[in-house]
Amino acid sequence: TKDPSDVAWAIRKLFAAVGYEPSGTVFVKPNLSGRRPITEGENTTVYFMDGLLTVLRAHGCTVVIGHSSLLGTRDRSYPFERVVEDAGFRKYGVLPHTALLDLDTAPRRDVAVGERVYSIPEAVLEADSYINVAKLKTHMETGVSLCLKNQMGLMSGSERIRFHREGLDVPIGELAVACVPTVNLVEGIVAMEGNGPHHGRDKSLGVVFCGTDMVELDAAIVTRMGMDPAAIGHLQAAARLTGHPLPDLSATSRDADWRLDVAPAERTLTKGQRLHVMPTTSCSRCITALDRAGREMRRSTAGLLKLARASLMSRETTIIIGKPRDEDVPRGRVICVGRCACAGYDGEAERLHACPPAVSEVLGFLEARL
């Protein structure tokens, strides 16, 4: 349930089942990725964090809750203070033996994985234990957002942008080697289905998962969601790099009672019948710019009519953000927003070259073309 005392009871049971007993300093990485209006399915909820802290305080732990800012646009920023405030987490900064840590300013230590170097916050590496608190979400770019994907929030903004430009799968997999949680919690009391992580729908599942191996845990949850773990690129990459093969869960996947009723994400977000948006490998800067520009258009009658005409009656149009993959095939007229889309799509298109684009810039560009 959403009662923190019930959450605490469940977490105690889960910790005991995996043999984890908290002690000393515990670093906690929640999933805070929503921008107003934030739904329960986007963020680690306050009631879940309250339950977790109840358990950790009972063990006499000092708790450090760490997170970074969210990637914004040139005219909209989402600094750590706003992320904490919007999530309802500010109260944790004044509790005894509990601290909120801005990972944007925290000291870091380089950890090499093959030919790449990952800059990990020292607070994670020096804690007595590290709890990775993920949210159960579908994801238009990576299929799912669970334990492995949640660790992207440990990285600096520039590194997260690099992840998106290079392709998310391998960096997420390598990060599983560079930084290994002591234990992982995946909150699915209210999960997200459909076109997550920002345009999906909240889904009440009433489940919480726990495990010490991110590959094993993510694979089990993916299977319960009705997907093939081998089809999730970053899960495949992590399995290969960590040497932990994907478990064979084919037998249990056929048990209907074992399955979670979760609608998968699509590669294309369709508005009406004629207007399509392809996020491809875009980072949150272009996603946010386009989303906020659409919200601004809907605030005026003229803008609302433009969007309605574009989605229902005008020539079929695809808006691309991020670097398109081979399997990303746009339909109709193509509009590219952002430098990655403009450079990555070699077909005929109307292009807004900007990195990152401002909301006002995208708004004016779309109003002139839709």
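Higher on the page you've got the structure.
Fair warning: this is a prediction, and the values are worked out from it, not measured in the lab. (Residues numbered from 1 in each chain as written. Predicted model: local features only at pLDDT ≥ 70, side-chain atom pairs only at ≥ 80, totals over all residues. Heavy atoms only, no water.)

## Structural notes on the overall build of the protein
- Secondary structure assignment for the protein yields 14 helices and 14 strands.
- Relative to a compact globule of 370 residues, whose C-alpha radius of gyration would be 21 Å, the protein shows 21 Å and is just as compact.
- A separation threshold of at least 6 residues defines the contact pool for the protein, and within that pool the share at least 24 residues apart is 69%.
- Accessible area of the protein: about 15600 Å², with a carbon and sulfur share of 50%.
- Separation between the mean location of the 45 positive side-chain charges and that of the 45 negative ones in the protein comes to 6 Å. (Helix = DSSP H or I, 4+ residues; strand = E, 2+ residues; numbered from the N terminus. Rg over C-alpha atoms; globule rule 2.2 N^0.38 Å. Contact = heavy atoms within 4.5 Å. Areas by Shrake-Rupley, 256 points an atom, 1.4 Å probe, with all protein chains shown as cover. Lys, Arg positive; Asp, Glu negative; His and termini not counted. Charge placed at Lys NZ, Arg CZ, Asp CG, Glu CD.)

## What about the pairing of strand E9 (residues 199-211)?
- Where strand E8 (residues 183-195) and E9 come together, 11 bridges link them in antiparallel fashion. Opposite Ala191, over in E9, you have Lys203 as the bridge partner.
- Hairpin geometry of E8 and E9 is characterised by an intervening segment of 3 residues between the two adjacent antiparallel strands. (Pairing = 2+ DSSP bridges.)

## Digging into the environment of Thr73
- Tracing the sequence through the fold places Thr73 in the loop between strand E2 (62-67) and helix H3 (80-87).
- Of the residues examined, Thr73 reaches a relative accessible area of 9% and is grouped as buried.
- C-alpha of Thr73 to C-alpha of Ser360: the two residues are 287 residues apart in sequence and 9.9 Å apart in space.
- When near neighbours in sequence (up to four residues on either side) are disregarded, Thr73 contacts Arg285, Thr288, Ala289, Pro356, Pro357, Ala358 and Val359.
- Polar contacts involving the side chain of Thr73 include one to the side chain of Asp75, which spans 2.8 Å. (Buried < 20%, exposed > 50% of the residue type's maximum accessible area, 1.4 Å probe, protein only. Polar contact = N/O pair within 3.5 Å; in protein donor to acceptor, adjacent residues only side chain to side chain.)

## Remarks on the pattern of salt bridges
- Within the structure shown, the criterion is met by 21 salt bridges.
- Ionic pairing is found between Arg116 and Glu174, a salt bridge with its closest N-O pair at 3.1 Å. With Arg116 in strand E5 (residues 116-121) and Glu174 in helix H7 (residues 169-178), the pair connects residues that are 58 residues apart, well separated along the chain.
- Assessed through its relative accessible area of 26%, Arg116 is described here as partly exposed.
- When the shortest N-O distance is used, the salt bridge between Asp291 and Arg295 registers 2.9 Å. Remark: Arg295 and Asp291 occur in helix H11 (residues 284-298); sequence separation between them is 4 residues, near one turn of the helix.
- On the accessibility criterion, Asp291 (18% relative accessible area) is buried.
- Taken together, the salt bridges that share partners define one network made up of Arg116, Arg162, Glu166 and Glu174. (Salt bridge = Lys/Arg side-chain N within 4 Å of Asp/Glu carboxyl O.)

## Remarks on the sheet that holds strand E10 (residues 269-271)
- Pairing within the open sheet is mixed, and its 5 strands lie in the order E10-E11-E12-E13-E14. Because the sheet does not close on itself, it has two edges, and the strands there are E10 and strand E14 (350-352). Taken over all neighbouring pairs, the strand axes of this sheet differ in orientation by 20 degrees on average, direction set aside.
- Relative to strand E11 (residues 275-278), E10 runs antiparallel, the two being bridged by 3 bridges. For Lys271, the partnering residue across the bridge sits in E11 and is Leu275.
- Lying over the sheet, H11 contacts E11, strand E12 (317-321) and strand E13 (333-337), oriented at roughly 140 degrees with respect to E12.
- Across the sheet, helix H14 (residues 359-367) touches E12, E13 and E14, and the angle it forms with E14 is around 165 degrees. (Axes fitted to C-alpha atoms, helices over the stretch in contact; angles between N-to-C directions.)

## Details of unusual backbone geometry
- Note the cis peptide between Gly196 and Pro197, where omega equals 10 degrees.
- Summarising the element assignment, Pro197 is placed in the loop between E8 and E9.
- Look at the link from Cys355 to Pro356: it is a cis peptide, with omega at -10 degrees.
- For Pro356, the location among the structural elements is in the loop between E14 and H14.
- In the Ramachandran plot, His97 falls in the positive-phi region, its phi being about 60 degrees despite a non-glycine side chain.
- The residue His97 is located in the loop between H3 and strand E3 (98-102) in this model.
- For Thr280, which is not glycine, the phi torsion reads 45 degrees and is therefore positive.
- Within the fold, Thr280 resides in the loop between E11 and H11.

## A short note on a nonpolar patch on the surface
- On the surface, Val170, Val177 and Leu241 cluster together into a nonpolar patch covering about 180 Å² of accessible area.
- Positionally, Val177 belongs in helix H7.
- The exposure class of Val177 is partly exposed, given its relative accessible area of 36%. (Patch = residues over 30% accessible without salt bridge, like charges linked within 9 Å, V, L, I, M, F, W, Y side chains within 5 Å.)

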